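# Breakdown of the fold
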Protein chains: 2
Amino acid sequence: MQRADAIIGGMKLPLALAATALCAAPAYAQDNKQTAVTPNDVVKSAPQSEWSIIPDDELMVVTLAPDANGNPREFVVQLLAEPVSASWTRNIRTMARAHWWDGLSIYRSVDNWVVQWGDGEEEESDRKSPAKPLPADIVPTSEDDYDQAWQDGMASVLWGKNGRRPVGMASDEAAAQPGSRYADPYAAAFTYVRGIPVAVELQDHVVTDGTDPMTNTPVRMWPVHCYGSVGVARDLSPDAGTGAELYAVIGHAPRQLDRNIAVVGKVIDGIEHLSILPRGTAGFGVYATTAEHTPIISARLASDLPEGERPRYEFLDTQGDSFARYVDILANRSDSFYAVPAGGTDVCNIKVPVRMVEDAEADS
Amino acid sequence: MQRADAIIGGMKLPLALAATALCAAPAYAQDNKQTAVTPNDVVKSAPQSEWSIIPDDELMVVTLAPDANGNPREFVVQLLAEPVSASWTRNIRTMARAHWWDGLSIYRSVDNWVVQWGDGEEEESDRKSPAKPLPADIVPTSEDDYDQAWQDGMASVLWGKNGRRPVGMASDEAAAQPGSRYADPYAAAFTYVRGIPVAVELQDHVVTDGTDPMTNTPVRMWPVHCYGSVGVARDLSPDAGTGAELYAVIGHAPRQLDRNIAVVGKVIDGIEHLSILPRGTAGFGVYATTAEHTPIISARLASDLPEGERPRYEFLDTQGDSFARYVDILANRSDSFYAVPAGGTDVCNIKVPVRMVEDAEADS
């Protein structure tokens, strides 16, 4: 599995028009374009040393009932590493180990928003039926943990051993003026923790000197909502949710939810089993009938599966040279499909490459 | 139909935790939050004078074959008004009037990317079978038309009669420094043309004085790719496509496609009939078999339908006071679900309110 960028098109053009258009293009430009590097080229040529394995206990494998044609359905969530969102990921591990989600279901689907799973009973019965009791040892959570004070050790986690700056501050020239081509409308900077996108608050938001990443002192950080992000559903604030009810984003990044809901990870495989589910027609996009629910057969940490059955994934190290090049080429495409480079990109449009380890071995 | 913002959650919390959390919240903050205005409140209270009808010949109604359960499926595209993307929208009108898409199909679906329709024959047969001939009077298109030089008349279209500035430059203080909370990583500013998002290139990207929108001279503008945007599929550049093969975006805004493919409008109703289609498994997400295609029964301009059968939609005028307030509240939510206002928003996260006129009449 690799999150490949794919071009649109490949469809016919009336021959007369095609010939005209092709003749109008300077041959030099054409030749140039044909040899230009694509983001996928960079990913394919990244050395194995720049790929990082996701630990077994940071992977949750959710098996759904087969689809109407009997095809199996499974999706895999990469959980955030501690200390980020730790109270929720601890609860999620507790619930997975208690097999708490087994027999529950996906009960909500809202277009360009989220698909949500857990115990949908309460919704259907107007909050009067008893909900499934949670396992013991669920830890309290708090809004205070939506973001994370900067700690000494984080620089190496976020910036990397080589002191590379956050992607959202990649270009000095760009960052120094309005309309920065890596500007984020929601935060001062962004970067990635083990491939998962996070926003960073800086003590001084003005970038004065780009050579040293510590010129702007990081103050806080928080995981952000992108397509595929997994978060903790909750009731009205200040409820912070337990982790029992989870959702995955299936639309344009709803960044206004950042720091208002706990993000606990992202779907790294099988999100299409969530995103194509019919949308719910009752209040808040909940399904009107239980017949529309998608049953959850099981939800397990990979570390709790028999050794031979554990899926293994690796992501492209976001502090490595290949990732930096990948982002630069994403922001400035010049391969044959592109006439105008974007000149920038946003935190959610940079899809950190993830692949199954089996794939990688087959490739090499 | 109204593109309502909807909260996540509403699920149970163990009573002990909920009580603790609620007791910790200051009563004043709670009261304050309960009366805070939501974006939907602003939309609901907008005066009828701030709603604009979409002309019949800017609406294309696409009827698909009923789904597996026999439910009807229809989606509605709002086409961009001239001069924006005019060569493609003229072709699209020509093809709709020739009933060109009738009997063709949706042949491609890629997760977090696009769903595409038209004539899928060529893909399946390795480009060797004859494609369906296009109607006469198809006009040539060119990459030069992906963006639009600024014209005198545009100021009133984009900025509005009242001289309101583009949303992307809404706040002087914000725009004057890096990390502008309305900054766009892909363009100097953004705004909306009849509810459809566009990016604006300025002669001077530094905002020096916010009182006059003309301080920064607009040079060019182009429609952008957001969730629901409809564009013209094409082969490799410099092919610019005819409009015969169209796609709708069903994922996070792929802004790198801006100015590289023609955007011709957006889906304003029924996008869930596209976004939930199973993903294609052949190359580029094309369906492996024709059995997986979704047949198109008809595609018609609303102006070509019998008068009683024309759907009518109106959008909230993006130059009006209500829209300005709607954006401000979207960017700074303080209602009961939100603890931390985002402080900003992006062009694609501002969903311009659209509603059926029947709905509006029933409401009032």
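## Thoughts on the environment of A:A81
All names here are of chain A. Note on placement: A81 falls in the loop between β3 (73–79) and α4 (86–97). According to the relative accessible area criterion, A81 is buried, its value standing at 8%. The sequence separation of A81 and V193 amounts to 112 residues, and the corresponding C-alpha distance is 8.1 Å.

## Looking at the state of the cysteines
Residue and element names in this part refer to chain A. The final tally for this structure, using the stated rule, is 2 disulfides over all chains. With a sulfur-sulfur separation of 2.0 Å, C226 is cross-linked through a disulfide to C348. Because the sign of the S-S torsion sets the handedness, a value of about -75° for the bond joining C226 and C348 places this disulfide among the left-handed ones. Here the residue C226 occupies a position in the loop between β9 (218–223) and β10 (229–232), and C348 occupies one in the loop between α9 (321–331) and β15 (354–356), the gap between them amounting to 122 residues. Neither C226 nor C348 differs from the other in exposure class; each is buried.

## Details of the pairing of strand β4 (residues 105–109) of chain B
Residue and element names in this part refer to chain B. Where burial is concerned, most of β4 is hidden: 5 out of the 5 residues are buried. Sheet topology places β4 next to strand β5 (residues 114–118); 4 bridges connect them, and they run antiparallel. Bridge assignment links S109 to a residue of β5, and that residue is V115. Counting the residues between successive antiparallel strands, the hairpin from β4 to β5 contains 4 residues, one of them, N112, with a positive phi of roughly 55°. The pairing of β4 with strand β13 (residues 294–301) spans 2 bridges and is classified as antiparallel.

## Here we look at unusual backbone geometry
All names here are of chain A. At the junction of S237 and P238, the peptide bond is cis and its omega measures out at 15° in the coordinates. Here P238 lies in the loop between β10 and β11 (246–249). Residue R194 is not a glycine yet carries a positive backbone phi of 45°. Along the chain, R194 falls in the loop between β7 (189–193) and β8 (196–202). Residue class for R194 comes out partly exposed when judged on its relative accessible area of 37%.

## So, the side chain of A:D184
Residues and elements named next belong to chain A. As for its placement among the helices and strands, D184 is situated in the loop between α7 (172–175) and β7. D184 gets classed as buried once you look at its relative accessible area, which sits at 3%. Among the polar contacts listed, one links the side chain of D184 to the backbone nitrogen of Y186, at a separation of 2.8 Å. There is a polar contact of 2.9 Å between the side chain of D184 and the side chain of R255.

## Focus on empty space enclosed by the protein
One pass over the structure, following the stated rule, counts 8 cavities of 30 Å³ or more. Considering only enclosed or pocket space, the largest cavity measures out at about 150 Å³ in volume. Around the largest cavity, the lining comprises 16 residues; the ones closest to its centre are A:P185, A:H252, A:D346, B:H252 and B:D346. Within the lining of the largest cavity, the residues separate by chemical class into 8 nonpolar, 2 polar and 6 charged.

## Quick look at the sheet that holds β13(B)
Residues and elements named next belong to chain B. Taken in spatial order, the 8 strands close into a barrel running β2-β3-β12-β10-β11-β5-β4-β13, and their pairing is antiparallel. The mean inter-strand angle of the sheet, taken between neighbouring strand axes irrespective of direction, is 35°. Where strand β2 (residues 59–64) lies against strand β3 (residues 73–79), 6 bridges are found, and the strand directions are antiparallel. Bridging from a neighbouring strand, L64 pairs with R73 of β3. Sheet strands touched by helix α4 (residues 86–97): β2, β3, β10 (229–232), β11 (246–249), β12 (263–269) and β13. Its angle to β13, the strand with the most contacts, is close to 110°.

## A look at the side chain of B:D119
Mapping B:D119 onto the fold places it in the loop between β5 and α5 (121–124). A polar contact of 2.8 Å, which involves the side chain of B:D119, links it to the backbone nitrogen of B:K132.

## Examining the packing of aromatic side chains
Two aromatic rings are characterised by how far apart their centres lie and by the angle between their planes. Under the counting rule described, the total for this entry stands at 14 aromatic pairs over all chains. Centre to centre, the rings of A:F190 and A:Y192 are 6.3 Å apart; their planes meet at 85°, and the pair counts as edge-to-face. Comparing A:F190 with A:Y192 shows no difference in burial state: the two are buried. Relative to A:F323, the ring of A:Y192 has its centre 5.6 Å away and its plane inclined at 75°; by these criteria the two rings are edge-to-face. In this pair, A:Y192 is assigned in strand β7 and A:F323 in helix α9, connecting sequence segments 131 residues apart. For A:Y192, a relative accessible area of 1% gives the class buried. Judged by its relative accessible area of 1%, A:F323 is buried. Here a set of aromatic residues connected by ring pairs shows up, and it is made of A:F190, A:Y192, A:F323 and A:Y326. The ring of A:W51 carries the charged tip of A:R355 above its face, separated from the ring centre by 3.6 Å. When the ring centre of B:W100 is taken as origin, the NZ or CZ atom of B:K132, which lies over that ring, is 5.5 Å away.

Criteria and cut-off values
Residues numbered from 1 in each chain as written. Chains lettered and ligands numbered in written order. Predicted model: local features only at pLDDT ≥ 70, side-chain atom pairs only at ≥ 80, totals over all residues. Heavy atoms only, no water. Helix = DSSP H or I, 4+ residues; strand = E, 2+ residues; numbered from the N terminus. Buried < 20%, exposed > 50% of the residue type's maximum accessible area, 1.4 Å probe, protein only. Disulfide = S-S within 2.5 Å. Pairing = 2+ DSSP bridges. Polar contact = N/O pair within 3.5 Å; in protein donor to acceptor, adjacent residues only side chain to side chain. 1 Å grid on protein atoms, 1.4 Å probe; cavity = no way out; pocket = protein on both sides within 12 Å on 5 of 7 lines; lining within 4 Å. Points joined across faces, edges and corners; volume = space filled by probe spheres on them. Nonpolar A, V, L, I, M, F, W, Y, C, P; charged D, E, K, R; others polar. Axes fitted to C-alpha atoms, helices over the stretch in contact; angles between N-to-C directions. Contact = heavy atoms within 4.5 Å. Phe/Tyr/Trp six-rings, centres within 6.5 Å; stacked < 30°, edge-to-face > 60°. Lys NZ or Arg CZ within 6 Å of the ring centre and 35° of its normal.

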